[in-house]
Amino acid sequence: MFKQVKSAFFWYYLFKFRRRVILIVLLLIIALFANAIYSDVVEYLKLKDKLAFLEMALISKWLIIIFNIVFSVYLLLTMFKKEEEVNTKKDSKKDFKKEQKRESKQEEKKEEKFTAREKEFLYKKKLRTKADILLEK
């Protein structure tokens, strides 16, 4: 039972954050390839006797590896915070829209308190009901 629950959580989060997981895996693969490419470059530079470029190759290899690892860690740490930020942004947008609707309704009320028909009845001196009209006929 516990294994099924654990598996369900694993697949749920894997599906939910699949883009980030794929990006992290690709970054780590690039870091591994950087090491393989570096070994090829070192062999080539030794064969051509261009040892002055070894320092540049070493620095570039480690820059690529460190950047990829740091970026992967950053993506992992912000994976769950992103969901919370999106929820707060949605809430703030909803609040902003509600405030705009309230303001627009208040402006409409300020501009015109009564419609034309209401004004007509307000300024009429004698109001008659349907019963009054029927009695007069």
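Reading the values: the criteria
Residues numbered from 1 in each chain as written. Predicted model: local features only at pLDDT ≥ 70, side-chain atom pairs only at ≥ 80, totals over all residues. Heavy atoms only, no water. Phe/Tyr/Trp six-rings, centres within 6.5 Å; stacked < 30°, edge-to-face > 60°. Helix = DSSP H or I, 4+ residues; strand = E, 2+ residues; numbered from the N terminus. Buried < 20%, exposed > 50% of the residue type's maximum accessible area, 1.4 Å probe, protein only. Expected span 1.5 Å × (residues − 1). Core = buried A, V, L, I, M, F, W, Y, C linked by side-chain atoms within 4.5 Å. Contact = heavy atoms within 4.5 Å. Patch = residues over 30% accessible without salt bridge, like charges linked within 9 Å, V, L, I, M, F, W, Y side chains within 5 Å. Areas by Shrake-Rupley, 256 points an atom, 1.4 Å probe, with all protein chains shown as cover. Salt bridge = Lys/Arg side-chain N within 4 Å of Asp/Glu carboxyl O. Axes fitted to C-alpha atoms, helices over the stretch in contact; angles between N-to-C directions. Parallel < 35°, antiparallel > 145°, perpendicular 65-115°, else oblique. Nonpolar A, V, L, I, M, F, W, Y, C, P; charged D, E, K, R; others polar. pLDDT = per-residue confidence, 0-100.

### Description of the packing of aromatic side chains
According to the stated counting rule, one finds two aromatic pairs in the structure shown. Between Phe67 and Phe71, the ring centres sit 5.9 Å apart and the planes meet at 5 degrees, which makes this aromatic pair stacked. One end of the pair, Phe67, and the other, Phe71, are both in helix H3 (residues 54-77), four residues apart, so they sit about a helical turn from each other. Given the relative accessible area of 29%, Phe71 is considered partly exposed. Centre to centre, the rings of Phe71 and Tyr74 are 6.4 Å apart; their planes meet at 25 degrees, and the pair counts as stacked. Here Tyr74 and Phe71 lie together in helix H3, a separation of three residues that amounts to about one turn.

### Regarding H3
With 24 residues, H3 should reach 34 Å at 1.5 Å per residue; the first-to-last C-alpha distance of 35 Å fits that figure. Taken together, the buried positions of H3 are Ala57, Lys61, Ile65, Asn68, Ser72 and Leu75.

### Quick word on unusual backbone geometry
The phi dihedral of Asp49 falls on the positive side, at around 55 degrees, and the residue is not glycine. Mapped onto the elements, Asp49 comes out in the loop between helix H2 (18-47) and H3. On the accessibility criterion, Asp49 (64% relative accessible area) is exposed.

### As for the nonpolar core
Within the largest apolar cluster, five residues are counted, these being Phe17, Ile24, Leu27, Leu75 and Met79. Not counting residues up to four positions away in its chain, the partners in contact with Ile24 are Ser72, Leu75, Leu76 and Met79.

### A look at a nonpolar patch on the surface
A surface patch of nonpolar side chains, amounting to about 610 Å² of accessible area, comprises Ile22, Val25, Leu26, Ile29, Phe33, Ile37 and Val41. Within the element layout of this structure, Val41 appears in helix H2.

### Things to note about the packing of H2 against H3
Between H2 and H3, whose axes approach to 9 Å, the crossing angle comes to 170 degrees. Taken together, the axis directions place H2 and H3 in an arrangement best described as roughly antiparallel. Taken together, the residues of the contact of H2 with H3 break down into 20 nonpolar, three polar and two charged.

### Thoughts on the confidence of the model for the chain
On average, residues of the chain carry a pLDDT of 79, and 85% of them reach 70 or more. Taken element by element, the predicted model of the chain shows its lowest mean pLDDT in helix H4 (residues 79-111) (68) and its highest in H3 (87).

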